[in-house]
Structures are given as structure tokens and as C-alpha cells.
Amino acid sequence: MQTLLGRISEEMGRAFEKAGYDPSLGTVTVSNRPDLCEYQCNGAMAGAKQYHKAPFMIADEVAAAVGEDSEVFASVTSVKPGFLNLDLKDSFLTGYLREMAREEKFGLEMPAKRTLKVMDYGGPNVAKPLHVGHLRSAVIGEAIKRIAKYNGEEVIADIHMGDWGLQMGLVITELRHRFPDLVYFDPSFDGSYPEDAPFTVSDLEEIYPAASKKSKEDPEYYAEAMETTKRLQEKERGIYDLWKKIYEISVADVKRNYADLDVDFDLWNGEATVNDLIPGMVEEMKRGGYAYTSEGALVVDVSEESDSREIPPCIILKSDGAALYTTTDLATILDRVSKYHPDEIFYVTDKRQELHFVQVFRAARKCGIIPEETKLTHVGFGTVNGKDGKPFKTRDGGVMRLSTLIADIRAEMLEKIRSNPEIAPEETEEIASQVAMAALKYGDLSNQASKDYIFDMEKFTSFEGDTGPYLLYTMVRIKSILRRFEEAGGKRAADCVLIDGAGASEKVLRRTMCRFSEMMKAAHQESAPHRLCAYVYELCNDFNSFYHENRILAEKDEALKESWIALLSLALSLLETSISCLGFSAPERM
Ligand code: ARG
């Protein structure tokens, strides 16, 4: 099904053609003067040059060509210097909405050719606690993925665990210092290693920061950690087995956290997954003459003449032969290309990693690791700040852990939901979690990803304003009207028939609903969940204005009442679909 703008542009195009002009001039946009008209067409302005004619003359002729009996336009007015102001017929909107309700995905057009995207987001690090930065990657990545899938793209989501770098060497070094007698450190041990890990996830969370601090103060300790990293990458027995234990415990914890966030992955791969591809890849890079030794390290030049800033060479192997973040990222591209042949590989990380991805992408192209036609995309997001404008911290100034943040926002929501006497006590916890998720995710996603935002618990959990709870509250209101209608013996909402709208607020709501496909397409093309957020917020506002102007259930005209029920039911479906793409859902009550 064509988008609404597509359809009315076509109608305008026919009028241009009838008047003797190029139909492509008929492009219609939403009015930027809603006080004057609903839509506008600036084709006469654009055509003036081409036809050597005053724009208002063209506009006059086109307006006349539309005629009185148009099925689409209630009015087409030509205004100086040559704009066309357009209003739609109620019956046209009714027809369009009925079609939307019938069609799959509300008539959103699917791509002619299916494309496959590998998405790399989440990116938690083994043995390091998840922090709010990881929240952004998970929440934004998940939304972009769901939007892409809704738009008919195939997506493989890969969490890409940070599990192979120096941080692992640090953790293992610290374990060696604390528990030198662990069998993993005994070179003469040749039995099988114990099933249970000698530490818990909380131990690990404490160990990494301690080790990292020590390595900065003590050069010998640092050298030991580097050496251990190298031995791990060689998969030395004992060290590698200990790594497996650390990995297992960490991943189990990460899985819990992401399940809590309703974020899921098809692949739980990581840096370690591609370790064995590195030697072959490095050989190829050398053979092709791309990689050379500089100050002991193996590097690839990636600067280009047109660069306006310095892009330093990519370091592929350190002088001790150890692989780096860049190396595993390149080998991961190799792995993904050979296994999945994707049309695009798409990364969501902190925008401070931008240079890293410029280097990786260039090196991958230069060394022929990626086919020319495969796209590489990096979406960088901004920092989560506290109300003081500085990176978000706990009250005592520590790094804010994701699990703490989720727990805090749940507690806050629980408090609010408890104060509603209509909610049964056994339901409160679940509803609070559901609303908390909306508060958290919408608070993040409603900002353009690349911008920093302020984490404001009070604002995010408010039932009023541009917040997740406000959206859910509006949806709960619609659900309650639909429920009461049925309880009073009304028809099933699906059997109610939409007829032409009655008032101004209803028309605004209808027009916003009709925009769904346009918005969904744009949110996908621009990888912009905030566009979807803005739409959902607008739709909720439009519904609430309509709701306050009409007494829906008390309406005496049965046909009109049923039409409103049909309208509400479609609005609710649009909202439910939209928020599910954003990664949250609405309860029945709150
Ligand atoms: N583990 C990284 C971090 O915490 C993010 C990984 C992003 N993905 C990638 N392919 N580099 O910053």
C-alpha cells in the first residue's frame, strides 16, 4: 500500500499533468503552516523556471485541474507567490484508514529484495560490570534491529562480547596473585579442571578494577598482565581453561541483565570467537603488501589524501605479537562475511569509538577483507550524564552499574504504582517492571542517539510529558475504553465500522495515524528510533485531545460511537506495534 503522502502526491501529479506540466512536480509534504492547511505542494514554484512562467499561474491552473469532484482533496487553494495549500476529504482519510486496518503491517510496503544485516551491539565486556554506556548500546541497537525487521529486513544480532583483550590478562594476573595455588596455574597439572569456578561474578567485578589500578601503578604487574594476555591468545592450557570459567560466569550474568532489558541476540560471539582466524588474516595482509612492521608492531596505513584530520595507521599486532581490539574487529568482519554474506554490517557503540571504526573500515576495504558492495556502518551514541551535566555516577561517585540503575528505576515505579488502589497487590511488581522498562528505554531512545542526554529519574518516571509512562498511561486509557465498550454489550472492536470523522481533533488524530508507514520507513532508513518516539508521543497527544473533546462511551449516535471504537482500536494497534519496535510494552492497567 502506498504511503499517504505517496498517494496524494500521485493525485497532485495527475493534476499537474492535466494542466500540461511534469507530474513529478506534484510532490506533497505535510504543511509547515498547519494553521492554513493540512498539506502543501510547492511544485509550481519548482516548475516556474522550467516552464518560464510565473509560479502563481501554474498553481492556479493546477488547482483548477484538480476540480471540484476530487475524491482526495476537500480543497486545493493556490496562494501567492505560487504555493498550493491542500486539505483532504474526510471520506478519503476514512478509506485510507480502513485499508490500513485491513492490510498486514498497516500497509507498510516490504522491500522487493530481502537484505541481510549483521548487527553488532551490546558489546559487554567479560569480567567488567555493565555500565550505563552498555545500556545505550543495547537499547538503541535493539530498537534499530526491531525497526529494521519490521521493515522487512533480515537481521542477525551479535552481542560481540569483549572477551579477549588485556582486561582478561589483568583479571587472570590478579587471580594468580591472590590464589597462586589454583590448579590452573600449576604447569605440571594434567588432569581435568574442576567443574565449579573458584570465584563468583561479584568477585570478578571487584577483581577487574583492582587489577586495572595496580597495572597503572606497577610496571612489573602490567608486564605480567600483557604476557598473560599473550599466553591466553595462544590458548595456553590452564590459562585458557581459567578464561573459560571467567567467561561462563560472566556470560550467565550478562544474559540475566539483557533478559531483564528484553534485549536478545542471535549470536553470542565475541572477540575470542575469531582468534584462530587472526594468523591467516595477518599473513594475507602481509602478502598483499598492506601490512608492514613499524617500531616492532605490524601496521596498516589507512590515511587518505582527502583527510582533513590525521587518521593514524591501524596497529594489527603489537611488538610482542598480541592482537588488539582492531585485530579482532577485522577478523570478525572476515568471519561474518564468510559465514553470512551480509549486505551490511552495522555497529552501535559509544561515539568516542568513531576513529576506531574509521580505521577498521578502511583497513577492511584496503585489505580486501570485505566485498566492495557490503556496507559498513557505525552509529555512535552520546554519553549519559547526570543532572550536573557530568557522566552519570552513583551517589558516592562510582561507576553506575546497569543492574543498579534498573533496580532504582523499578523501585521508583513500584512506589507510584502502589499508590493506585485499582491495582491488585500481586500485580504491582510486574506492572512496575513493565512501566520502568518504558521509562528507561523511552528516556534514552527519545533523544537523537548521537547526542548526550541527562538521566533524570524524576522526569523519566513521570506520568506526564514526553515520557514512557505517559505513553503507557494513554494506551491503558484506550484499552479501558475498549474494555468498557465490550462489557456494556458493544460489538467486538474488529466488527465496528469506521465512518467519516466528526470534529477537528478527530481529523488531526486520523491524519497522524495515516502517517504511520511514512514514519516507519524513515525511522528505518535513518536508523533513528527517536523518530518513532516522536511519532508515538504525537499520536498519544492527538488521542488525548480527541478524548478530552468527546465523550466516547456516552455518545448517543451508535454508528458514530462504533466508528470511534474502530478508530481507537486501530490507534492502539499502531501504538502497540510502535512501542514493541522500541522494545517495551503496555500493561492492561497502571
Ligand atoms: N566491548 C566494547 C566496549 O565495551 C564494545 C564492542 C563494540 N563492538 C565492536 N565490534 N567493536 O566498548
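Just so we're clear, the structure is a prediction, and the values are computed from it rather than from any experiment. Sequence order as written defines residue numbering, which begins from 1 separately in each chain. Side-chain atom pairs in this predicted model are given and counted only at pLDDT of 80 or more, local residue features only at pLDDT of at least 70, and totals for whole chains, interfaces and linings cover all residues. Calculation of side-chain values draws on the structure's entire complement of heavy atoms; hydrogens and water are dropped beforehand.

Helix and strand counts for the chain come out as 20 helices and 13 strands. Each principal axis of the C-alpha distribution contributes one length, and for the chain these read about 90 × 65 × 40 Å. We call a residue buried when its accessible area falls under 20% of the maximum for its residue type, exposed when it is over 50%, and partly exposed in between, using a 1.4 Å probe and counting protein chains only. Here the chain, with 590 residues, has 54% of them falling under the buried criterion. Note on contacts: a residue pair is in contact if any heavy atoms of the two residues lie within 4.5 Å. If you take every contact in the chain between residues at least 6 apart in sequence, the share linking residues at least 24 apart comes to 73%. Areas reported as accessible are Shrake-Rupley estimates using a 1.4 Å probe. Residue values count occlusion only from the protein chains shown. As displayed, the chain has an accessible area near 27000 Å², and 49% of this comes from carbon and sulfur atoms. We count a stretch as a helix when DSSP gives it H or I for four or more residues in a row; a strand needs E for two or more, and each element gets its number in order from the N terminus.

Here we take up the packing of helix α6 (residues 166–178) against helix α8 (residues 219–233). Orientation of α6 relative to α8, taken along the N-to-C sense of each, is 115°, at an axis distance of 8 Å. Comparing their axes, α8 and α6 come out roughly perpendicular. The two elements α6 and α8 cross, and the hand of that crossing is right-handed. Of the residues in α8, those touching α6 at L166, M168, G169, L170, I172, T173, E174, R176 and H177 are Y221, Y222, E224, A225, M226, T228, T229, R231 and L232. Looking at the contact of α6 with α8 residue by residue, the class counts come to 9 nonpolar, 5 polar and 4 charged. To get an axis, fit a line to the C-alpha atoms, keeping to the stretch in contact for a helix; angles then go from 0 to 180 degrees between the N-to-C directions. In what follows, roughly perpendicular refers to angles from 65 to 115 degrees, roughly parallel to angles under 35, roughly antiparallel to angles over 145, and oblique to any angle outside these ranges. Handedness of a helix crossing follows the sense of rotation of the near helix relative to the far helix, less than a right angle counterclockwise being left-handed and clockwise being right-handed. The nonpolar class holds Ala, Val, Leu, Ile, Met, Phe, Trp, Tyr, Cys and Pro. Asp, Glu, Lys and Arg form the charged class, and all remaining residues, Gly among them, are polar.

Let us look at the sheet that holds strand β5 (residues 116–120). Strands were regarded as paired on the criterion that DSSP finds at least two bridges between them. Ordered by their spatial adjacency, 4 strands build an open sheet running β6-β5-β10-β11, and the pairing between neighbours is parallel. At either margin of the open sheet sits one strand with a lone partner, and together these are β6 (154–158) and β11 (375–381). Recorded for the sheet is a direction-independent mean angle of 20° between the axes of neighbouring strands. Against the sheet, helix α12 (residues 354–366) makes contact with β10 (344–350) and β11, and its axis sits at roughly 175° relative to β11, the strand it touches most.

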